[in-house]
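Architecture and fold: a report
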Amino acid sequence: MAIYKYGEFTPKIDPSAWIFPSADIIGNVEVGKGVYIGAGAVLRGDYCKIIIEEGAAIEEQVCIHASPGSETIVKKNAVIGHKAMLHKCIIHEDAVIGMNAVVTNNAEIGEGAIIAEGAVVKNRDIIPPHMIAAGVPAKIRGPVPKSTQRVWLQAGKIYRQLAIDYKTKLIKLK
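Thresholds, definitions, all that
Residues numbered from 1 in each chain as written. Predicted model: local features only at pLDDT ≥ 70, side-chain atom pairs only at ≥ 80, totals over all residues. Heavy atoms only, no water. Pairing = 2+ DSSP bridges. Helix = DSSP H or I, 4+ residues; strand = E, 2+ residues; numbered from the N terminus. Phe/Tyr/Trp six-rings, centres within 6.5 Å; stacked < 30°, edge-to-face > 60°.

**A closer look at the sheet that holds strand β3 (residues 18-19)**
- Spatially, β3-β5-β7-β10-β13-β16-β19-β20 is the arrangement adopted by the eight strands of the open sheet, whose pairing is mixed. The two strands at the open ends of the sheet, each matched to only one other strand, are β3 and β20 (139-143).
- Note: β3 against strand β5 (residues 36-37), two bridges, orientation parallel. In the sheet register, I19 faces β5, and the bridge partner there is I37.

**Section: the packing of aromatic side chains**
- Under the defined criterion, the tally for this structure stands at four aromatic pairs.
- With centroids separated by 5.9 Å and ring planes inclined at 70°, the aromatic side chains of Y36 and Y166 adopt a geometry described as edge-to-face. Of this pair, Y36 sits in strand β5 while Y166 sits in helix α1 (residues 146-169), and the two are 130 residues apart along the sequence.
- Within the aromatic cluster, the residues linked to one another by ring pairs are W18, F20, Y36, Y159 and Y166.

**Points about unusual backbone geometry**
- Across the junction of V136 and P137, the peptide omega takes the value -5°, indicating a cis bond.
- Note that P137 resides in the loop between β19 (131-134) and β20.
- A positive phi is found at N106, a non-glycine position, where the angle reads about 65°.
- Within the fold, N106 resides in the loop between β14 (102-103) and β15 (108-109).

**Quick word on the pairing of β20**
- With four bridges connecting them, β19 and β20 associate as antiparallel partners. Each residue of the ladder has a partner; that of I132, found in β20, is G142.

Written out as structure tokens, the structure is:
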């Protein structure tokens, strides 16, 4: 993994987190306990702050940044899907951001909410807790069904286990 100090900012990474060797963690970034950060992810805290709380999953090729002097926060046990982009936003606990989704400036995704694959959550949009939003721009489609909640809670557990298992089971062959 590439961990970079930028100016006065050095990433703070809990030793129980798993960061894939091809991920880049730059500057003012905090990575909590049991976090999974996948291959090719970029967390760029050069002139902003990024906080990834305990148990969150940042999947492959996710890009996280924010505007100067602001923050992007991913709260406990949230799952950020492959190639998603987060910029100056808050993702609350147990929320799911689908693959290739974009969450932009000052947007807020409520606890347990789901943003569908490819959706774009615009500037200042607020997605309430336990709601599904989809489309470009993202619109609320209704509540998250209990069966879907169970699936995503299980997915989060899988990534938390991978953060443990990869430390001993992932072996580079060449």
